[in-house]
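Secondary and tertiary structure notes
Each chain is listed here by its residues.
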Amino acid sequence: QVQLVESGGGLVQAGGSLRLACAASGRTFSSYAMGWFRQAPGKEREFVAGITRSGGNTGYADSVKGRFTISRDNAKNTAYLQMNSLKPEDTAVYYCAARTTGWYSTYHGGYDYWGQGTQVTVSS
């Protein structure tokens, strides 16, 4: 089992940047593919980015491609989401998730563990 704790959210102006971190407990972090999702009020949870357990492959939602970068440091048991050129429509609670396979999924139901979420608010 793994526990996930997100950090790094906050309030930022449009065009700004934030870096989210997802710290995982346990010694088997490298066994999990990781994903970042977000959920805005009144909307469904949506896929943002994913990374394979080795870090060799990544994927992004079209809405964030070219602006966000997912990465991981298996030695530090941490996944990251670097968010640049933020827009007001990026405002949401951001969640990291882990699944016990090598590849990430774009479907939120495909994950086994979730963090508690961190709020990101982008002002115009």
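Cut-offs and rules
Residues numbered from 1 in each chain as written. Predicted model: local features only at pLDDT ≥ 70, side-chain atom pairs only at ≥ 80, totals over all residues. Heavy atoms only, no water. Helix = DSSP H or I, 4+ residues; strand = E, 2+ residues; numbered from the N terminus. Rg over C-alpha atoms; globule rule 2.2 N^0.38 Å. Buried < 20%, exposed > 50% of the residue type's maximum accessible area, 1.4 Å probe, protein only. Core = buried A, V, L, I, M, F, W, Y, C linked by side-chain atoms within 4.5 Å. Contact = heavy atoms within 4.5 Å. Pairing = 2+ DSSP bridges. Axes fitted to C-alpha atoms, helices over the stretch in contact; angles between N-to-C directions. Phe/Tyr/Trp six-rings, centres within 6.5 Å; stacked < 30°, edge-to-face > 60°. Lys NZ or Arg CZ within 6 Å of the ring centre and 35° of its normal.

Observations regarding the overall build of the protein chain
- Within the protein chain one finds zero helices and eleven strands.
- Reading the protein chain from its N end, one meets helices and strands in the order β-β-β-β-β-β-β-β-β-β-β.
- Taken against the 2.2 N^0.38 rule, which gives 14 Å for 124 residues, the C-alpha radius of gyration of the protein chain at 13 Å falls within 12% of a compact globule.
- Projected onto its principal axes, the C-alpha positions of the protein chain cover 40 × 25 × 25 Å.
- For the protein chain, the proportion of its 124 residues judged to be buried stands at 45%.

Thoughts on the nonpolar core
- Judged by nonpolar contacts, the single largest core of 35 residues is most densely connected at M34, W36, L81, M83 and Y94.
- Those elements that place two or more of their residues in this core are β3 (18-24), β4 (33-39), β5 (46-51), β7 (68-73), β8 (78-83), β9 (92-99) and β11 (118-123).
- Top contributing element to this core by residue count: β9, with five residues.
- Among residues more than four places away in sequence, those in contact with Y94 are E6, L20, F37, R38, V48, F68, L81, M83, G117, T118 and V120.

Comments concerning the sheet that holds β8
- If you walk across this open sheet you meet the four strands as β1-β3-β8-β7, and the pairing is antiparallel. The open sheet is flanked by β1 (4-7) and β7, the only strands paired with a single partner. When strand polarity is set aside, the average angle formed by the axes of neighbouring strands in this sheet is 15°.
- Two elements, β7 and β8, share six bridges in a ladder whose sense is antiparallel. Paired with T69 across the two strands is Q82, which belongs to β8.

What to know about the packing of aromatic side chains
- Inspection of every chain in the model, using the stated rule, returns eight aromatic pairs.
- For the ring pair W103 and Y104, a centre distance of 5.9 Å and an interplane angle of 45° mean the geometry is tilted.
- For W103, a relative accessible area of 49% corresponds to the partly exposed category.
- The class of Y104 is buried, set by a relative accessible area of 19%.
- The side chain of R45 reaches across the aromatic face of W114, ending 4.8 Å from its centre.
- The aromatic ring of F29 is capped on one face by R72, whose charged end is 4.4 Å from the ring centroid.

Considering unusual backbone geometry
- Unusually for a residue other than glycine, N77 sits at a positive phi of about 55°.
- For N77, the location among the structural elements is in the loop between β7 and β8.
- The exposure class of N77 is buried, given its relative accessible area of 17%.
- One non-glycine residue, S85, adopts positive backbone phi at about 50°.
- The exposure class assigned to S85 is partly exposed, which follows from its relative accessible area of 40%.

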